[in-house]
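Residue strings, one per chain:
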Amino acid sequence: MATLKQIATKAGVSLATVSRVLNDDPSLSVKDETKRKIFEIAEQLEYTTSQSRKTAKKHTLHFLALYNYKQDVEVDDPYYLAIRHGIDTQCDKLGIKLTNIYECNLAAVPKAIDGILIIGQVSEDNLIAIRALSNNTVYVDYTDHNLDIDCIDIDLERLSKEVINHFTQQGYQRIGFIGGQDNPDKYDIRELTFTEYGKLKGVVSDKDIYRGDFSSQSGYLLAKQMLTTNHPSALFVASDSIAIGVLRAIHESGLNIPDDISLISVNDIPTAKFTYPPLSTFRIHSELMGSQGVNLLLERSRDGRTIPLRVFVPSQLILRSTTKK
């Protein structure tokens, strides 16, 4: 590698002059021709400044996004696609290398990573293995208050209570629930809060709770099952994808929405406003959840923060035509 002395000798100027020219010293008074000559010689000799060498050595962060579901889930539910899009976009904006792995396949994890985003709840064994790979971990779309881990999530407890309050204010005395369960060992917080708060209000009973998975097909089958009974006239549906199946089952039964059955769901996916009738649903900023998860992980990795942060992304109830005015 060329030295300043070699450039100075070839240019016929002092070592100090070469150093000040190459480091763009604003106080230096020297002819433009001399500057040009120094730069040309430096380029010929492939000289790099100390600042350039520092920049070249700058470490590019590498984050891992571990999704606790199959990739085809993103096709069935745009909520998950939006989370990944938020992660992808923010990493690209910040110049962070990103590796996406689905079904929490730890065997495919690259060796050198600076932080891990965990999307959705993972098993305790998997979480121990994940945290052994990196101390910098952030949960997205899940909150664990018992761990020293950053979390980006929605306040599903508040959301579920808001549904109960909305329906009771409209005079409904019996409210049902149709939802899903990702983890066989743990119930969805929407269902738990809805059931507990609804029983406290005297409008919810166990017989009106229906649980499958988070697909439209599951919603359709559960609603068909419910409609064969003396069913409630108001429903809280855990996601828009489930609600699409529920709507079909209600239409096939000949019942009117919202006169015979009112329903509120969650996510406000792009198709929610185009269903028949348009869905009343909570708008969830899932893309923001992904991007803010990246920001938390970057800050934790960069600053060495150890105190865990809990961030709730706000939600908003959008009333359309599956509820009465």
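Residues numbered from 1 in each chain as written. Predicted model: local features only at pLDDT ≥ 70, side-chain atom pairs only at ≥ 80, totals over all residues. Heavy atoms only, no water.

Looking at an unreviewed UniProt entry, one finds the protein named HTH-type transcriptional regulator LacR, with Photobacterium andalusiense as its source organism.

Side note on the sheet that holds strand β4 (residues 137-140)
The strand order across the open sheet built from six strands is β2-β1-β3-β4-β5-β11, with neighbouring strands paired in parallel fashion. Where the open sheet ends on each side, the last strands, each with one partner, are β2 (97-102) and β11 (310-313). Recorded for the sheet is a direction-independent mean angle of 15° between the axes of neighbouring strands. Sheet analysis places strand β1 (residues 62-67) next to strand β3 (residues 115-119), joined by five bridges and oriented parallel. The partner of F63 across the bridge, within β3, is G115. Together, β1, β2, β3, β4 and β5 (150-154) form the strand contacts of helix α6 (residues 78-94), whose direction differs from that of β2 by roughly 160°. (Pairing = 2+ DSSP bridges. Helix = DSSP H or I, 4+ residues; strand = E, 2+ residues; numbered from the N terminus. Axes fitted to C-alpha atoms, helices over the stretch in contact; angles between N-to-C directions. Contact = heavy atoms within 4.5 Å.)

Quick notes on the packing of aromatic side chains
Scanning all chains against the criterion turns up ten aromatic pairs. Their ring planes at 80° and their centres at 5.2 Å tell us that Y79 and Y80 sit as a pair that is edge-to-face. The two residues Y79 and Y80 agree in class, both being buried. Centroid distance F167 to Y172: 5.4 Å. Interplanar angle 80°. Geometry classified as edge-to-face. Accessibility assignment for this pair places F167 and Y172 in one class, buried. Feature note: the residues Y67, Y69, Y79, Y80 and Y102 constitute an aromatic cluster, connected by ring pairs. One cation-aromatic arrangement involves R248 over Y220; the distance from NZ or CZ to the ring centre is 4.5 Å. (Phe/Tyr/Trp six-rings, centres within 6.5 Å; stacked < 30°, edge-to-face > 60°. Buried < 20%, exposed > 50% of the residue type's maximum accessible area, 1.4 Å probe, protein only. Lys NZ or Arg CZ within 6 Å of the ring centre and 35° of its normal.)

With respect to the side chain of D150
Position of D150 relative to the elements: it lies in strand β5. For D150, a relative accessible area of 0% translates into the label buried. One polar contact links D150 to R305, side chain to side chain, over a distance of 2.6 Å. Filtering out sequence-adjacent residues up to four positions away, D150 remains in contact with T137, V138, Y139, L296, R300, R305, I307, P308, L309 and R310. (Polar contact = N/O pair within 3.5 Å; in protein donor to acceptor, adjacent residues only side chain to side chain.)

Digging into the domain arrangement of the protein
Along its sequence, the protein is organised into domain 1 (4-55), domain 2 (62-155 + 286-315) and domain 3 (156-284). Computed from C-alpha atoms alone, the centre-to-centre distance between domain 1 and domain 3 is 71 Å. (Domains from an automatic or database assignment.)

Side note on the packing of helix α2 (residues 15-22) against helix α3 (residues 32-44)
One way to put it is that α2 packs onto α3 with a least axis distance of 10 Å and a crossing angle of 85°. The angle between the axes of α2 and α3 places the two elements in the roughly perpendicular class. Together, T17, V18, V21 and L22 of α2 and K35, I38, F39 and A42 of α3 make up the contact between the two elements. (Parallel < 35°, antiparallel > 145°, perpendicular 65-115°, else oblique.)

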